[in-house]
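Chain by chain, the residues run as shown.
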Amino acid sequence: MQALDRVVTDPSELMELWGETSKDGSWRASLVQIRTALLTASSGGTAAPLAPS
């Protein structure tokens, strides 16, 4: 989770680069899906498969 947090907060160069594209929203949505899957898996549930971007 810490790695995901680092790429979506300043001073993340990755966040800055994605912000310069028209696909910034889909990138952030993908990160939400990843975070949800990881949280589900870590809580003992079954992680849902991620939808392709």
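Here the residue numbers are simple positions, counted from 1 along each chain's written sequence. Given that the model is predicted, a residue must reach a pLDDT of at least 70 before its local features are reported, and side-chain atom pairs must reach 80 or more before they are shown or counted; all residues, however, enter totals for whole chains, interfaces and linings. With hydrogens and water excluded, all non-hydrogen atoms of the structure serve as input to the side-chain values.

Participant: Describe a negative patch on the surface, with residues and values.
Facilitator: A residue counts toward a patch only above 30% relative accessible area and without a salt bridge, and it is joined to like-charged neighbours within 9 Å or, for Val, Leu, Ile, Met, Phe, Trp and Tyr, to nonpolar neighbours within 5 Å. Here the Shrake-Rupley method, with its probe set to 1.4 Å, supplies the accessible areas, and only the displayed protein chains count as covering residues. For this analysis, a salt bridge means a side-chain nitrogen from Lys or Arg found within 4 Å of a carboxyl oxygen belonging to Asp or Glu. This count recognises Lys and Arg as positive and Asp and Glu as negative, with His and chain-terminal groups excluded. In plain terms, the charge of a residue is placed at NZ if it is Lys, CZ if Arg, CG if Asp and CD if Glu. Together, Asp10, Glu13, Glu16 and Glu20 give the surface a local cluster of negative charge. By the criteria applied, helices consist of DSSP H or I runs no shorter than four residues and strands consist of E runs no shorter than two, each listed in order from the N terminus. Along the chain, the position of Glu13 falls in helix 2 (residues 13–19).

Participant: Explain the side chain of Ser12 residue by residue, including any values.
Facilitator: By secondary structure assignment, the location of Ser12 is in the loop between helix 1 (2–7) and helix 2. Residue class for Ser12 comes out buried when judged on its relative accessible area of 9%. Any pair of nitrogen or oxygen atoms within 3.5 Å is treated as a polar contact; in protein, a donor-acceptor pairing is required on top of that, and neighbouring residues in sequence qualify only through side-chain atoms on both sides. Within the local environment of Ser12, its side chain forms a polar contact with the backbone oxygen of Val7, the two atoms lying 3.0 Å apart. At 3.4 Å, the side chain of Ser12 forms a polar contact with the backbone nitrogen of Leu14. Residues count as neighbours in contact if any of their non-hydrogen atoms are within 4.5 Å of one another. Filtering out sequence-adjacent residues up to four positions away, Ser12 remains in contact with Arg6 and Val7. When accessible area is computed with a 1.4 Å probe and restricted to protein chains, residues below 20% of their type maximum are described as buried, those above 50% as exposed, and intermediate ones as partly exposed.

Participant: Outline a nonpolar patch on the surface, listing residues and values.
Facilitator: A cluster of nonpolar residues, Met1, Leu38 and Leu39, forms a patch on the protein surface that exposes about 250 Å² of accessible area. Take Leu39: it is sitting in helix 3 (residues 24–42).

Participant: Explain the pattern of salt bridges to me, and be specific about the residues and the numbers.
Facilitator: As enumerated under the stated definition, the model contains 1 salt bridge in all. Its salt-bridge partner being Asp5, residue Arg35 comes within 2.3 Å of it at the nearest N-O pair. With a gap of 30 residues between them, Arg35 in helix 3 and Asp5 in helix 1 connect regions that are remote in the sequence. Residue Asp5 is classed as partly exposed on the basis of its relative accessible area, which comes to 34%.

Participant: A description of the packing of aromatic side chains should follow, citing residues and the corresponding values.
Facilitator: Stacked, tilted and edge-to-face pairs are distinguished by plane angle, under 30 degrees for stacked and over 60 for edge-to-face with tilted covering the rest, among Phe, Tyr and Trp rings (Trp via its six-membered ring) whose centres lie within 6.5 Å. Counted by the stated rule, this structure contains 1 aromatic pair. Geometrically, the ring pair formed by Trp18 and Trp27 is stacked, given 5.8 Å between the ring centres and 10° between the ring planes. Look at Trp18 and you get partly exposed, because its relative accessible area is 29%.

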